[in-house]
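# Architecture at a glance
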Amino acid sequence: MDINWAELKAAAIKALDSSYAPYSGFPVGAAALTEDGRLITGANIENASYGLGLCAECSLVSELFRTGGGKLVAFACVDKHGNELMPCGRCRQLLYEHHAPGMLLNTVSGIKTIYEVLPDAFGPEDLLERK
C-alpha cells in the first residue's frame, strides 16, 4: 500500500479543529490509514478532572471501530503547529493493539514501525499463547 504521508499529516492537522484542550492549551490531532484504505482521525478531549482526558489516539481508535473496525497501517500525530509528536507509552500500547503487521508511524525521528516504537510489546497474541 502506498502511503501519502503529506495527506496523512494534513488530516491530522485538520483533526485539530475537533480538539478540546481548554486546560493544557495543547491540542493534538491524529490520523491513520486502515488496511482497507479508510482515513480516520482523532483529537484529544480534555476534562476538568485531568486524568479523565482522552488522547487523540483514543479518539482515533474509537473512530476506527465506529467506522467499521480493521487494522491500522500508517499513523501521524501533530501538535497545534503541525509538528510531529511521538505517542506516549499508553498510546503506543493502544496503537499496538490495533496495528496491522509492520504498521508505520511518522515520528519526531522519522518513519518508524510499531515494533520500533514499542519493542517487546505485550499484545493480544500473548494472551492467546498463555491460555
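Scroll up for the structure.
Summary of the structure given here. Computed from a prediction, not measured in an experiment: that's the story for all the values here.

Conventions and cut-offs
- Residues numbered from 1 in each chain as written.
- Predicted model: local features only at pLDDT ≥ 70, side-chain atom pairs only at ≥ 80, totals over all residues.
- Heavy atoms only, no water.
- Helix = DSSP H or I, 4+ residues; strand = E, 2+ residues; numbered from the N terminus.
- Rg over C-alpha atoms; globule rule 2.2 N^0.38 Å.
- Buried < 20%, exposed > 50% of the residue type's maximum accessible area, 1.4 Å probe, protein only.
- Areas by Shrake-Rupley, 256 points an atom, 1.4 Å probe, with all protein chains shown as cover.
- Lys, Arg positive; Asp, Glu negative; His and termini not counted.
- Charge placed at Lys NZ, Arg CZ, Asp CG, Glu CD.
- Core = buried A, V, L, I, M, F, W, Y, C linked by side-chain atoms within 4.5 Å.
- Contact = heavy atoms within 4.5 Å.
- Pairing = 2+ DSSP bridges.
- Right-handed = clockwise from strand over helix to strand, strands pointing away.
- Salt bridge = Lys/Arg side-chain N within 4 Å of Asp/Glu carboxyl O.

## Concerning the overall build of the protein
Along the backbone of the protein there are five helices and five strands. Starting at the N terminus and ending at the C terminus, the protein contains elements arranged as α-β-β-α-β-α-β-β-α-α. In terms of overall size, the protein behaves like a compact globule, its C-alpha atoms giving a radius of gyration of 14 Å where 131 residues would be expected to give roughly 14 Å. With the principal axes as the frame, the protein shows a C-alpha extent of 45 × 35 × 30 Å. In the protein, which comprises 131 residues, the share counted as buried stands at 43%. With the model as given, the accessible surface of the protein reaches about 7100 Å², and the carbon-plus-sulfur share is 55%. Placing the 11 positive and 16 negative side-chain charges of the protein at their respective mean positions leaves the two points 4 Å apart.

## Looking at the nonpolar core
Ranked by size, the top nonpolar core spans 20 residues in total, and within it L60, L72, F75, L95, M103, L105 and I114 carry the most contacts. Per element, the largest residue contribution to this core is four residues, and it comes from helix α2 (residues 56–66). If sequence neighbours within four positions are ignored, L95 has contacts with E57, L72, F75, P87, M103, L105 and I114. Of all hydrophobic cores here, the second largest spans twelve residues; its members include A11, A12, A31 and A76.

## Topic: the pairing of strand β4 (residues 99–107)
Alignment of strand β3 (residues 72–78) against β4, held across four bridges, turns out to be parallel. Counterpart to L72 in the pairing with β4 is H99. Regarding the hand of the β-α-β motif, the stretch spanning β3, helix α3 (residues 89–97) and β4 is right-handed. One ladder, built from four bridges, connects β4 with strand β5 (residues 110–113); its direction is antiparallel. Considered in β5, the bridge of T107 is made with G110. In this structure, the hairpin formed by β4 and β5 is closed by a connection of two residues.

## Thoughts on the pattern of salt bridges
Scanning the entire structure with this criterion turns up four salt bridges. Of the charged contacts, one joins E84 and K9 as a salt bridge, the two residues approaching to 3.2 Å between their closest N and O atoms. Of this pair, E84 sits in the loop between β3 and α3 while K9 sits in helix α1 (residues 5–15); the two residues are 75 residues apart in sequence, bridging distant segments of the chain. D17 is the partner of K14 in a salt bridge, and the nearest nitrogen-oxygen pair spans 3.0 Å. In this structure, K14 and D17 share a single accessibility class: exposed.

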